Amino acid sequence: MNHTKGGLVIFTANSHPSSRELGKRIAERLGVELGKVQVYQEANRETRVQIQESVRGKDVFVIQTVSKDVNTTIMEMLIMVYACRTSCARSITGVLPYFPYSKQCKMRKRGSIVSKLIASMVCKAGLTHLITMDLHQKEIQGFFNIPVDNLRASPFLLQYIQEEIPDYRNAVIVAKSPASAKRAQSFAERLRLGIAVIHGEAQDAESDQVDGRHSPPTVKTTGAIHPSMEIPLLIPKEKPPITVVGDVGGRIAIIVDDIIDNVDSFVAAAETLKERGAYKIFVMATHGLLSSDAPRFIEESAIDEVVVTNTIPHELQKLQCPKIKTVDISMILSEAIRRIHNGESMSYLFRNIGVDD
């Protein structure tokens with residue numbers, strides 16, 4: 001049954017078959033067929049897009065999931081959006097459940113804020129609206145000059161905890177670092193559970209010196225400043241020994257985060273929790289990038305189960321590691337598309353979501 005008004009076209013911009021699965025689920029829920037389009041790579045690795053039906057005066061929704069080749073993913077999206085724009089589509093909404101380069105949203109040394117660059121590129125290509133999910137930093141929405149709907153996957157993950165973990169009342173929500181404590185607190189308050197925070201683990205590249213400019217310099221230079229001026233140096237940070245703030249003994253530990261990619265920090269957190277007496281360990285995240293040897297490391301670790309959503313295709317990783325489970329979020333994406341196309345309010349999808357969620 002078609003749940004939308006006329007004039008709706010849904011395209012999947014990804015040339016990889018496994019990445020089109022989410023688009024098929026969304027189209028099926030809306031009761032429409034996927035739009036006809038060809039996306040492929042030329043012999044010289046150039047991306048070519050051929051739209052095979054009219055989009056003139058229609059609301060176009062371009063669904064793009066991130067494959068292993070993230071840069072090709074971005075180019076596919078840009079070229080398809082631009083093709084729809086030059087074909088006189090009335091509106092073009094990008095559906096990127098995982099926004100690529102979202103970790104590069106802060107200045108570091110002489111680097112760049114790549115998230116801002118990607119945002120500028122998709123807007124310039126012709127995007128008029130963006131639907132995404134659990135941005136790494138909510139402030140990324142400010143990089144766009146178009147409306148952005150940053151949906152949340154937490155209702156689906158909370159439902160999984162309540163339905164698939166029989167003794168979840170004996171659980172404690174764990175933040176593997178102080179940076180993810182707000183997310184853990186949000187889960188704990190909604191489930192009426194306790195919270196624990198791991199502090200002192202080895203710092204990864206993302207959280208290391210967030211300011212990124214190493215200013216003032218670490219070595220005093222007498223020639224560069226006036227002799228009478230002495231700029232005080234910032235005392236370098238020193239990580240304390242690993243400690244767990246909160247009781248996890250004899251409890252189920254549920255580690256929550258937004259992205260699970262390089263699993264080293266999750267494996268280390270699981271070992272720490274196991275040493276402190278946790279008898280079962282779950283890891284829950286919205287985006288399961290699970291790069292490189294992540295499935296093997298998970299399989300060999302103290303982690304009992306990793307639960308991620310299907311914002312990113314990971315069927316291959318699931319074959320390599322049976323501990324990986326998937327939660328389907330196509331329902332909320334299809335409802336967002338339906339509401340935008342029909343001109344309905346989006347506030348229903350953000351019920352009970354606070355500023356810190």
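Cut-offs and rules
- Residues numbered from 1 in each chain as written.
- Predicted model: local features only at pLDDT ≥ 70, side-chain atom pairs only at ≥ 80, totals over all residues.
- Heavy atoms only, no water.
- UniProt positions renumbered as here; feature names shortened; annotations may be inferred.
- Pairing = 2+ DSSP bridges.
- Helix = DSSP H or I, 4+ residues; strand = E, 2+ residues; numbered from the N terminus.
- Axes fitted to C-alpha atoms, helices over the stretch in contact; angles between N-to-C directions.
- Phe/Tyr/Trp six-rings, centres within 6.5 Å; stacked < 30°, edge-to-face > 60°.
- Buried < 20%, exposed > 50% of the residue type's maximum accessible area, 1.4 Å probe, protein only.
- Lys NZ or Arg CZ within 6 Å of the ring centre and 35° of its normal.
- Parallel < 35°, antiparallel > 145°, perpendicular 65-115°, else oblique.
- Left-handed = near helix turned anticlockwise from the far one by under 90°.
- Contact = heavy atoms within 4.5 Å.
- Disulfide = S-S within 2.5 Å.

The name given to the protein chain in an unreviewed UniProt entry is Phosphoribosyl pyrophosphate synthase-associated protein 2, and the organism recorded there is Xiphophorus maculatus. For the protein chain, the Function (unreviewed entry) comment in UniProt is given as "Seems to play a negative regulatory role in 5-phosphoribose 1-diphosphate synthesis." UniProt, in its Sequence similarities (unreviewed entry) section for the protein chain, records the words "Belongs to the ribose-phosphate pyrophosphokinase family."

Enquirer: In this structure, what is going on with the sheet that holds strand β7 (residues 148-151)? I would like to understand it.
Expert: Two modes of strand pairing occur in sheets, parallel and antiparallel, and in both the strands are linked by backbone hydrogen bonds. On the basis of which strands lie adjacent, the open sheet formed by five strands has the order β1-β4-β5-β6-β7 and parallel pairing. The open sheet has two edge strands with one neighbour each: β1 (8-12) and β7. Geometrically, the sheet is characterised by an average inter-axis angle of 15 degrees between neighbouring strands, direction not taken into account. Summarising the sheet, strand β4 (residues 59-63) and strand β5 (residues 91-96) pair through five bridges and their orientation is parallel.

Enquirer: Could you clarify how one ought to interpret the packing of aromatic side chains in this entry?
Expert: According to the stated counting rule, one finds one aromatic pair in the structure shown. Ring geometry for Phe99 against Phe144: centres 5.5 Å apart, planes inclined by 65 degrees, an arrangement best described as edge-to-face. Taken together, the residues Phe99 in the loop between β5 and α3 (114-125) and Phe144 in the loop between β6 (129-133) and β7 connect sequence positions 45 residues apart. Judged by relative accessible area, Phe99 falls into the buried class, the value being 2%. For Phe144, a relative accessible area of 9% translates into the label buried. The ring of Phe266 carries Lys176 above its face, with NZ or CZ at 4.9 Å from the centroid. Over the ring of Tyr348 we find Arg351, and its NZ or CZ is 3.9 Å from the ring centre.

Enquirer: What should I look at first to understand the packing of helix α4 (residues 154-164) against helix α5 (residues 181-191) in this one?
Expert: For any two helices packed against each other, one specifies the inter-axial angle together with the distance between the axes. Running from N to C, α4 and α5 point in directions that differ by 50 degrees, and their axes come no closer than 11 Å. Between α4 and α5, the interaxial angle falls into the category oblique. The interaxial crossing formed by α4 with α5 has right-handed handedness. Residues Ser154, Leu157, Leu158, Ile161 and Gln162 of α4 pack against Phe187, Arg190 and Leu191 of α5.

Enquirer: Just to check I follow, could you spell out the state of the cysteines for this structure?
Expert: Two cysteines, two sulfur atoms, one covalent bond between them: this is a disulfide. One pass over the full model with this rule turns up zero disulfides. Of all cysteine sulfurs in the structure, the one in Cys88 sits closest to Cys84, which takes part in no disulfide; the separation is 11 Å. Since its relative accessible area comes to 0%, Cys84 is described here as buried.

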